Each structure stands twice: as structure tokens, then as C-alpha cells.
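Listed below, chain by chain, are the residues.
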Amino acid sequence: SQQGEEDPQALSIQEGENATMNCSYKTSINNLQWYRQNSGRGLVHLILIRSNEREKHSGRLRVTLDTSKKSSSLLITASRAADTASYFCATAYNYQLIWGAGTKLIIKP
Amino acid sequence: GAGVSQSPSNKVTEKGKDVELRCDPISGHTALYWYRQRLGQGLEFLIYFQGNSAPDKSGLPSDRFSAERTGESVSTLTIQRTQQEDSAVYLCASSQRTDYNEQFFGPGTRLTVL
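Quick caveat, the model's predicted, so the values are computed rather than measured.

Trainee: Would you mind going over the interface of chain A and chain B in detail, with residue names and values included?
Mentor: Facing the 18 residues of chain A at the interface are 18 residues of chain B. On inspection of chain A and its partner chain B, the count reaches 2 residue pairs in polar contact (both at pLDDT 80 or more). Of all the elements in the fold, those that place two or more residues in the side of chain A that touches chain B are β4 (31-38), β5 (42-50), β9 (85-93) and β10 (96-99) of chain A. Counting residues per element, the side of chain A that touches chain B draws most heavily on β4 of chain A, at 4 residues. Here the residues of the side of chain A that touches chain B are counted per class, giving 9 nonpolar, 9 polar and no charged.

Trainee: Tell me about the state of the cysteines, and name the residues and values.
Mentor: One way to say it: the disulfide is the covalent bond shared by the sulfur atoms of two cysteines. All names here are of chain A. Evaluation of the coordinates by the stated rule reveals 2 disulfides over all chains. Shown here is the disulfide that connects C23 with C89, its sulfur atoms set 1.9 Å apart. On the sign convention where negative means left-handed, the S-S torsion of about 65° between C23 and C89 marks this disulfide as right-handed. In this pair, C23 sits in strand β3 (residues 19-24) while C89 sits in strand β9, placing the two residues 66 residues apart along the sequence. For C23, a relative accessible area of 2% corresponds to the buried category. C89 sits in the buried class, given a relative accessible area of 0%.

Trainee: Can you lay out the confidence of the model for chain B for me, pointing to particular residues and giving the numbers?
Mentor: The predicted model of chain B averages 92 in pLDDT, with 96% of residues at 70 or higher. Here strand β5 (residues 43-50) of chain B is the element of chain B with the lowest mean pLDDT, 92, and strand β7 (residues 75-79) of chain B is the one with the highest, 98.

Trainee: For the sheet that holds strand β1 (residues 5-7) of chain A, give the residues involved together with the corresponding values.
Mentor: Residues and elements named next belong to chain A. Pairing is antiparallel in the open sheet, where 5 strands are placed in the order β1-β3-β8-β7-β6. Each having just a single partner strand, β1 and β6 (55-58) make up the two edges of the open sheet. Adjacent strand axes in the sheet meet at a mean angle of 15° when their direction is disregarded. Here β1 pairs with β3 via 3 bridges, running antiparallel.

Trainee: Account for the environment of G40 of chain A, with residues named and values stated.
Mentor: By the element assignment, G40 of chain A lies in the loop between β4 and β5. Taking the C-alpha atoms as reference, G40 of chain A lies 9.6 Å from A85 of chain A; in sequence the two are 45 residues apart.

Trainee: So what about the pattern of salt bridges? Which residues, and what values?
Mentor: Note on pairing: side chains with opposite charge can pair once their charged atoms come close. A full pass over the atoms with the stated rule returns 8 salt bridges over all chains. Measuring nitrogen to oxygen at the nearest pair gives 3.1 Å for the salt bridge that ties R62 of chain A to E55 of chain A. Taking relative accessible area as the criterion, E55 of chain A reaches 40% and is therefore assigned partly exposed. Between R38 of chain B and E44 of chain B there is a salt bridge whose closest N-O contact spans 4.0 Å. For R38 of chain B, a relative accessible area of 28% corresponds to the partly exposed category. Look at the salt bridges and you will find they share partners, linking R36, R38 and E44 of chain B into a network.

The rules behind each value
- Residues numbered from 1 in each chain as written.
- Chains lettered and ligands numbered in written order.
- Predicted model: local features only at pLDDT ≥ 70, side-chain atom pairs only at ≥ 80, totals over all residues.
- Heavy atoms only, no water.
- Contact = heavy atoms within 4.5 Å.
- Polar contact = N/O pair within 3.5 Å; in protein donor to acceptor, adjacent residues only side chain to side chain.
- Helix = DSSP H or I, 4+ residues; strand = E, 2+ residues; numbered from the N terminus.
- Nonpolar A, V, L, I, M, F, W, Y, C, P; charged D, E, K, R; others polar.
- Disulfide = S-S within 2.5 Å.
- Buried < 20%, exposed > 50% of the residue type's maximum accessible area, 1.4 Å probe, protein only.
- pLDDT = per-residue confidence, 0-100.
- Pairing = 2+ DSSP bridges.
- Axes fitted to C-alpha atoms, helices over the stretch in contact; angles between N-to-C directions.
- Salt bridge = Lys/Arg side-chain N within 4 Å of Asp/Glu carboxyl O.

This is the structure in C-alpha cells:
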């Protein structure tokens, strides 16, 4: 069963704008990971944040984690057309990754 | 080095036939996962292999589904007597360790059951 719930389900913004996606989950986690999926490169790992971390950066990506609210956000700054993809959060529970249904992001040129 | 590979990339079959999907993980990765992804949805866990330990089959949806892995190499997912609801993309991933490292995914096999 899915644990993560991404919000919004779909997001369309202009190139250059920032995109924010949220993820909520239900149980305790060891870490939370964000992945990107597009037709060209398949499913690719973006960033991992451990349960004892609150914020992490990687290039134009910023991830926050609030374990008290069981939620995470992914911010993509200065979006580009190549960022068009579906973004999934996945929570590590035991040795499994439990996935949300994803946010579909469209960057308009 | 090479990433995770899967074959075939596309498979069209008739209802009731058996299909076999193959996954070649990254060399040295001890953990291997199979997932199913229906159109517009997230990933559904099917089965997990870790080294020589007994696999976790808790995600397999029915006894028509089975999977094998030879040591820490190739894995095959078999679906017997396919049904139309089995139509999906089947993704394989491997991981270097099971302490929640990132998973590396193959391109998937798109299965269509007519």
C-alpha cells in the first residue's frame, strides 16, 4: 500500500519559477527519498534526507523534513524545461521504499 | 559502469499466457527489488532479494507471480496465466546495501496483456 501522498498531483509553472512539491507519510521512517521519472531517463534518485535531518540541498534542489508533522517538501529553484517530469517521494521502512503516487510537474517555456 | 538492465523492454501477450521478465542488476549490488507501476500511479513493491537470504515475497499480488534470483546476479519475474489487470510497467532496482541507500532503477518492461 502507498504511504506517501504527494501534493499537488499536478503542477504547471513558467520556466524560471520555483516549484514546490509536498509529501506526507504515515509511519516512522529511517529516511525519505525523492525520485524523478521522465520518459527519457526513467526513474532517477534525486536526494535522500535522513530522519534526523531537517533540511538538505543539492544544486537547485532543497528538501525539508518535518518528522513531527510526517511531511517533506521538495523545492526546485529556477526551473528549466528539462525539469518536466513526475516526482515521487519514497519513505524507507525496514528495507523497503514505500512510494507515493507522484506529482506531475510541467515547465512551460 | 553499466546500470540496471531489463529485458524485454516491451512485451505484448495474450490473456492466459505465461511471461518471463529479466533483470540484470548493477554488479556488486546485493539487494534487488521488483516493482509494478500502473499508468499514472506510484510504484507497488512486489519482491525483494538480499544476498542469499530468503526473499521477501510479501508484495506479490497472487500465486501467479513468482521470482527467482541466482546468487547476487540476474533475476527473473514470472507471471503465469496472465490477466489484463497485469498490464503495467515492471521495474527492477538494485541497491548496494540495505541500509536505505538509493535504489538504481532499470528502464522497465512494459507488459500489455490483450
